Amino acid sequence: MAVKIRLARLGCKNRAFYRIVAADSHTPRDGKHLQVLGFYDPLAAKGDARRLGLNVDHVKYWLSVGAQPTDTVRGILMRAGLITPPPMVVMGQKKGPSNDTSNPENLIT
């Protein structure tokens, strides 16, 4: 059984409210879930304590046994500090080929 940590929608029309749940990946979005891990209210103010609530112990448990968070929940967990963000890829500068002849790697024979 593949377990996902995902959002289950609650609330009225135009007033969405989400529960963060651990559920089997084959069940419907609002269907049966294994455990409620927290809540997320996207309409609450950014600094409001009612915007996000997580049971940290349960989230860490489900992550340790292999549950995969969805992309949206992954972002929420990264902002909460429960998972580390992916490493940043440093790109080189966008410039053409170098005309430096002192470096033998740049010479074309």
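Quantities reported herein were computed from a predicted structural model and do not represent experimental measurements. (Residues numbered from 1 in each chain as written. Predicted model: local features only at pLDDT ≥ 70, side-chain atom pairs only at ≥ 80, totals over all residues. Heavy atoms only, no water.)

Draft legend 1. How the structure looks around the overall build of the chain. Assigned secondary structure in the chain consists of two helices and five strands. Across the chain, helices and strands are ordered from the amino to the carboxyl terminus as β-β-β-β-α-β-α. The buried share among the 109 residues of the chain stands at 25%. Considering only contacts within the chain whose residues lie at least 6 apart along the sequence, 29% involve residues at least 24 apart. (Helix = DSSP H or I, 4+ residues; strand = E, 2+ residues; numbered from the N terminus. Buried < 20%, exposed > 50% of the residue type's maximum accessible area, 1.4 Å probe, protein only. Contact = heavy atoms within 4.5 Å.)

Draft legend 2. The pattern of salt bridges, seen in detail. Scanning all chains against the criterion turns up two salt bridges. Between Arg-15 and Asp-41 there is a salt bridge, with the nearest N and O atoms lying 3.9 Å from each other. Of this pair, Arg-15 sits in strand β2 (residues 15-24) while Asp-41 sits in the loop between β3 (35-40) and β4 (52-54); the two residues are 26 residues apart in sequence, bridging distant segments of the chain. Using a relative accessible area of 45% as the deciding quantity, one classes Arg-15 as partly exposed. Judged by relative accessible area, which is 9%, Asp-41 ranks as buried. Note that Asp-30 is salt-bridged to Arg-29, the shortest N-O span being 2.8 Å. Its relative accessible area of 43% is what places Asp-30 among the partly exposed residues. Note on Arg-29: relative accessible area 48%, which makes it partly exposed. (Salt bridge = Lys/Arg side-chain N within 4 Å of Asp/Glu carboxyl O.)

Draft legend 3. Focus on unusual backbone geometry. With a phi angle near 65°, Asn-14 is a residue other than glycine that sits in the positive phi range. With respect to the helices and strands, the residue Asn-14 is situated in the loop between β1 (3-12) and β2.

Draft legend 4. Examining the nonpolar core more closely. In terms of nonpolar packing, the biggest core is built from 14 residues, with Ile-5, Ile-20, Leu-37, Trp-62 and Val-73 touching the most fellow members. Listed by contribution, the elements that provide at least two residues to this core are β1, β2, β3, α1 (56-64) and α2 (71-80). Contact partners of Val-73, with chain neighbours within four places excluded, come to Ile-5, Arg-6, Leu-7 and Ile-20. (Core = buried A, V, L, I, M, F, W, Y, C linked by side-chain atoms within 4.5 Å.)

Draft legend 5. Fine view of the pairing of β3. Pairing of β2 with β3 involves five bridges; the strand directions are antiparallel. Considered in β3, the bridge of Val-21 is made with Val-36. By the bridge criterion, three bridges tie β3 to β4 in an arrangement that is antiparallel. Counted as the bridge partner of Gly-38 is Leu-54 from β4. (Pairing = 2+ DSSP bridges.)

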